[in-house]
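# Fold and geometry: a report
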Amino acid sequence: MNDKLTLIQVFAGTYSEEAVLEELPAEYLSDQKFKLCASPGLALGLAKGDTIKLHPNGDFELIEHGGNFCVQIYKEQPIKEILEAVETIVKQELAGSLDGFHNGSLAFTAPISNGFHATNHVFNKIRDLLESEYYYSNIYKNPYHLENEELVSWARDLD
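Before going into details, it helps to say that this report is about the structure given with it. (Residues numbered from 1 in each chain as written. Predicted model: local features only at pLDDT ≥ 70, side-chain atom pairs only at ≥ 80, totals over all residues. Heavy atoms only, no water.)

## Things to note about the sheet that holds strand β7 (residues 97–102)
Sheets are built from strands paired through backbone hydrogen bonds, the pairs being either parallel or antiparallel. Sheet architecture is open: 4 strands sit in the order β7-β8-β6-β9, paired in antiparallel fashion. Strand pairing shows two members of the sheet lacking a second neighbour, β7 and β9 (134–136), which therefore form its edges. Taken pair by pair, the neighbouring strands of this sheet meet at an average axis angle of 25 degrees, ignoring direction. Bridge count for β7 against strand β8 (residues 105–111) is 5 bridges, and the pairing is antiparallel. When the bridges of β8 are listed, G100 appears paired with A107. (Pairing = 2+ DSSP bridges. Helix = DSSP H or I, 4+ residues; strand = E, 2+ residues; numbered from the N terminus. Axes fitted to C-alpha atoms, helices over the stretch in contact; angles between N-to-C directions.)

## Let's talk about the packing of helix α1 (residues 80–94) against helix α2 (residues 115–130)
For the pair α1 and α2, the least separation of the axes is 10 Å and the interaxial angle reads 170 degrees. In terms of axis orientation, α1 runs roughly antiparallel to α2. On α2, the residues touching I82, V86, I89, V90, E93 and L94 of α1 are A118, T119, V122, F123, K125, I126, L129 and L130. Along the lines of polarity and charge, the residues of the contact of α1 with α2 split into 11 nonpolar, 1 polar and 2 charged. (Parallel < 35°, antiparallel > 145°, perpendicular 65-115°, else oblique. Contact = heavy atoms within 4.5 Å. Nonpolar A, V, L, I, M, F, W, Y, C, P; charged D, E, K, R; others polar.)

## Things to note about the environment of C37
Tracing the backbone through its elements, the reader meets C37 in the loop between β3 (33–36) and β4 (51–54). With a relative accessible area of 32%, C37 lands in the partly exposed category. When the C-alpha atoms of C37 and L7 are compared, they prove to be 9.7 Å apart, with 30 residues separating the residues in sequence. Ignoring anything within four residues of it in the chain, the contact list for C37 reads L5, P25, A26, E27 and K48. (Buried < 20%, exposed > 50% of the residue type's maximum accessible area, 1.4 Å probe, protein only.)

## Description of unusual backbone geometry
In this structure, D31 takes a positive phi of about 45 degrees despite not being glycine. Classification of D31 as exposed rests on a relative accessible area of 51%. The backbone of N103 shows a phi angle near 50 degrees, a positive value even though the residue is not glycine. Within the secondary structure, N103 is located in the loop between β7 and β8. Residue class for N103 comes out exposed when judged on its relative accessible area of 70%.

And the structure:
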């Protein structure tokens, strides 16, 4: 099964009119379909466990939602002990994970079975520890159009 694990590059936005791609671990399924093994720190609309169809330019289509929130936080130079405490809080209180930290971008996964109320409660604590806001990056229907706050169907059905 490990031979199906690979690193893929998904579209995460543009910078100076150039596409920015984020590298994510994924399990190859078939025909350019992959299951994400970590939530992204930059790309929007995805979370660990999602199944996507990947196009050669990094664009993707969400085939199946994997049942997780992706929560992103931007914090330059967090103190190691605080980062470890944050990771423990997410694991113990939400059965979630800190999937990555790179260049100030932290990517967390939390099962949606916790609901918004419990997840917000935990990330409010984390916000206070890190002194930085958090963002649910996979709950919006059009994540790259920030003025449109329409939720995807599974998020509308949560508490």
